[in-house]
Amino acid sequence: MVSLAKRSSASLISCETEQSKFRLAVLHIQAIRDTSFIASAYATLDLFTAGTVLSLLLIEAEDFGKSPALTSFLYTAFIYWQLLI
């Protein structure tokens, strides 16, 4: 009977520990869910746009046909960012 009581108290402590970990995980998920990331997304999009314009100016292309791989990548990524926001 004593060994049964020891096992049940050990499993009770284990359950309480797991419940505490689960409660902390739920609180962490709730904090992330309540956080608004829209402002940082727009800031990232502005930086990406500035980088795109700067890189297109630095490659010194008179027309977009000079480096189609770079321009298509930049514009595809730019459109993808806009769709994400």
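It should be noted that the structure appears before, not after, this text.
Residues numbered from 1 in each chain as written. Predicted model: local features only at pLDDT ≥ 70, side-chain atom pairs only at ≥ 80, totals over all residues. Heavy atoms only, no water.

Looking at this structure, I do not really get the overall build of the protein chain. What am I missing?
In terms of regular secondary structure, the protein chain is built from 3 helices and 0 strands. Across the 85 residues in the protein chain, those meeting the buried criterion constitute 9%. Counting every atom, the protein chain has about 7200 Å² of accessible surface; 69% of that belongs to carbon and sulfur. (Helix = DSSP H or I, 4+ residues; strand = E, 2+ residues; numbered from the N terminus. Buried < 20%, exposed > 50% of the residue type's maximum accessible area, 1.4 Å probe, protein only. Areas by Shrake-Rupley, 256 points an atom, 1.4 Å probe, with all protein chains shown as cover.)

What exactly am I supposed to notice about helix α2 (residues 38-58) here?
An α-helical turn contains 3.6 residues, so a residue and the one three or four places further along point in the same direction. Over its 21 residues, α2 runs 30 Å from end to end, which matches the ideal 30 Å to within 8%, given 1.5 Å per residue. Among all positions of α2, only Ala 41, Leu 45, Thr 52 and Leu 56 are buried. On an axial view of α2, the arc spanned by its buried residues comes to 40 degrees, and they lie on one face. Those residues of α2 that are exposed and aimed more than 90 degrees away from the buried face are Ala 39, Asp 46, Leu 47, Leu 57 and Leu 58. (Expected span 1.5 Å × (residues − 1). Arc of directions from axis to C-beta.)

Just checking my understanding: could you explain the environment of Thr 49 for this structure?
The topology assignment puts Thr 49 in helix α2. A relative accessible area of 28% means that Thr 49 is categorised as partly exposed. Considering only alpha carbons, one finds Thr 49 and Ala 77, 28 residues apart in sequence, at a separation of 10.0 Å.

Help me out: how do you make sense of the packing of α2 against helix α3 (residues 68-84) in this one?
Angle between the axes and distance between the axes are the two parameters that describe a pair of packed helices. Interhelical geometry of α2 versus α3 gives an angle of 165 degrees and a closest axis separation of 11 Å. The orientation of α2 with respect to α3, classified from their angle, is roughly antiparallel. As α2 runs across α3, the sense of the crossing is left-handed. Facing Thr 44, Leu 45, Phe 48, Thr 49, Thr 52, Ser 55 and Leu 56 of α2, the residues of α3 in contact are Thr 71, Leu 74, Tyr 75, Ala 77, Phe 78, Trp 81 and Gln 82. Of the residues contributing to the contact of α2 with α3, the split by class is 8 nonpolar, 6 polar and no charged. (Axes fitted to C-alpha atoms, helices over the stretch in contact; angles between N-to-C directions. Parallel < 35°, antiparallel > 145°, perpendicular 65-115°, else oblique. Left-handed = near helix turned anticlockwise from the far one by under 90°. Contact = heavy atoms within 4.5 Å. Nonpolar A, V, L, I, M, F, W, Y, C, P; charged D, E, K, R; others polar.)

By themselves, these figures tell us nothing about what the structure is for.
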